[in-house]
Structures are given as structure tokens and as C-alpha cells.
Amino acid sequence: MSEIFDSSFRKILAVAASDAPTPGGGSVSAMVGALGVAMTAMVGNLTVGKPKFADVEPQVKEITGAAYFIMNKLEKLVAADIAAFGKFMEVYRMPKNTEEEKARRDELMQKALKTATDTPMEVARTLLEALQITERLARIGNKMAISDAGVAAYVCEAAINAVLLSADINIPMIKDGDYVRSILEEKERIVSEARRLKDSAVAVVQERMK
């Protein structure tokens, strides 16, 4: 688990604003996304137990539980992102004085670059799941809090677009063409589906707020 989640918000902001290498963009995006899906959980919690929404309570409980699971997963991914950057820097500093050292460094660098790409991709996949449950909840959640489902949708989509930049920066340095093609294709699918889910959720929220 990421120790940063035990820090005060003021300390997180201070460290993020400093010249410390972590938390960087990937970790910050994941934390922002966690705040987004927290809004989904809140709407769920404000719906469960209300007689008016008794008929949808089983669905809302499922969605709320999923939101907490996603928040927990994002916390772990923040730790993974910080560790991935640490490994990248460790490899970057390896000696390259001989051909053997250069070859070893290059081999490990390719592995480190893939890990540093896989982690933000997993954050994006996880936040897409957050958007899926948010879009469902927007239709059935407590109308008194439904604007926060819209907040969740906007924030989660923004966090997806943001975290994918942490994959983009590595891609030009990765030599495995099949891997790169796979990542680029998945990225395109995620961005497209995230936009669709956000638009759908926000449209429902706006309609229900009338």
C-alpha cells in the first residue's frame, strides 16, 4: 500500500509541488481518480437505506462496494507507480562504460520502461471500471446527491486522460513493436469508451437535476 495515503492532504500537495521525483503525474492522476470514485461511493452511501430507493438498493450496494474496491486498488497502483519510477531511475544510473554494461543496461531499461508503462495503463483500466459503475449509479442514485455522480464522471475521465500521458512518454523509447502497437490500440479504446461513459453519465445527471 502507498504510504502517501497516510499523509495529510497538505503534505501531499507540498511533496507533489516540490522537486522530489515522486509522486509524479501517474501517481497524482491515480489519486485524483480515487477522489473521483469516492464521489461515486458517496452517492451510493446517500442512496442505501432510503425507503424511496429500496427497489434499487441491491444494485446500489453492489456499485458502492465496487467503488471502495476501486479506491483500494488505486492506492496500491500509486505505490506501484512510485516503485516503477524508482526502478527506472535505478537502471538509468547504471554504468555504461563497456559494451557489456551497455547491453545489460539496455536490457533492463526496456523492462523498466514496460513496467513504467504497464502501471499507468492499469490505472486507466481501473478508472474505466469506475466510470462504468458511475454511469450505472447516475441512473438510480439519490437525486439529492446526483450532481456528485457527474463530478465523479468528469474527474475519472480527466484522470484517465492524464495518466495515459505517463504511458505516452515511455512509448517512443520501447523497442518492442508488438508491445507498442498493443498499448496504442488499447489506449485508443480506453479513451473512446471513457468519453462515451462520461458523456452518458453527465447527460443522465443533467436530466435528473431538472
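For clarity, every value in this text was computed on a predicted model and none was experimentally measured. (Residues numbered from 1 in each chain as written. Predicted model: local features only at pLDDT ≥ 70, side-chain atom pairs only at ≥ 80, totals over all residues. Heavy atoms only, no water.)

## Structural notes on the overall build of the protein
Here is step 1: Counting secondary structure elements, the protein contains six helices and zero strands.
Here is step 2: Along the protein, from the amino end to the carboxyl end, the secondary structure elements read α-α-α-α-α-α.
Here is step 3: Principal axes of the C-alpha set define a box for the protein whose edges measure 70 × 40 × 25 Å.
Here is step 4: Residues classed as buried in the protein amount to 45% of the 210 residues present.
Here is step 5: For the protein, restricting intrachain contacts to residue pairs at least 6 apart in sequence, the fraction spanning at least 24 positions comes to 80%.
Here is step 6: Accessible surface computed for the protein: about 11100 Å², of which carbon and sulfur atoms make up 57%.
Here is step 7: For the protein, the distance from the average site of its 28 positive side-chain charges to the average site of its 29 negative ones is 3 Å. (Helix = DSSP H or I, 4+ residues; strand = E, 2+ residues; numbered from the N terminus. Buried < 20%, exposed > 50% of the residue type's maximum accessible area, 1.4 Å probe, protein only. Contact = heavy atoms within 4.5 Å. Areas by Shrake-Rupley, 256 points an atom, 1.4 Å probe, with all protein chains shown as cover. Lys, Arg positive; Asp, Glu negative; His and termini not counted. Charge placed at Lys NZ, Arg CZ, Asp CG, Glu CD.)

## Topic: the side chain of Ser29
Here is step 1: Among the secondary structure elements, Ser29 is positioned in helix H2 (residues 25-45).
Here is step 2: On the basis of relative accessible area, Ser29 is assigned to the buried category, the value being 6%.
Here is step 3: A distance of 3.5 Å separates a polar side-chain atom of Ser29 from the backbone nitrogen of Val163.
Here is step 4: Sequence-distant contacts of Ser29, that is, excluding residues within four places in its chain, are made with Ala159, Ala162 and Val163. (Polar contact = N/O pair within 3.5 Å; in protein donor to acceptor, adjacent residues only side chain to side chain.)

## Re the nonpolar core
Here is step 1: Ranked by size, the top nonpolar core spans 58 residues in total, and within it Val37, Leu74, Val123, Leu127, Leu131 and Ile160 carry the most contacts.
Here is step 2: Breaking this core down by element, the ones donating at least two residues are H2, helix H3 (57-92), helix H4 (99-140), helix H5 (147-168) and helix H6 (177-208).
Here is step 3: Counting residues per element, this core draws most heavily on H4, at 15 residues. (Core = buried A, V, L, I, M, F, W, Y, C linked by side-chain atoms within 4.5 Å.)

## A word on the pattern of salt bridges
Here is step 1: This model, assessed by the stated rule, comprises 18 salt bridges.
Here is step 2: A salt bridge links Arg104 to Glu107, with the nearest nitrogen and oxygen atoms 3.4 Å apart. Placement of the pair is Arg104 and Glu107 together in helix H4, with a separation of three residues, close to one helical turn.
Here is step 3: The structure contains a network of salt bridges with shared partners spanning Lys73, Glu122, Arg125 and Glu186. (Salt bridge = Lys/Arg side-chain N within 4 Å of Asp/Glu carboxyl O.)

## Brief notes about the packing of aromatic side chains
Here is step 1: Tallied over the entire structure, the rule returns two aromatic pairs.
Here is step 2: Taken together, the aromatic side chains of Phe85, Phe88 and Tyr92 make up a single cluster linked through ring pairs.
Here is step 3: Sitting above the plane of the Tyr179 ring, Lys114 keeps its charged end 5.0 Å from the centroid. (Phe/Tyr/Trp six-rings, centres within 6.5 Å; stacked < 30°, edge-to-face > 60°. Lys NZ or Arg CZ within 6 Å of the ring centre and 35° of its normal.)

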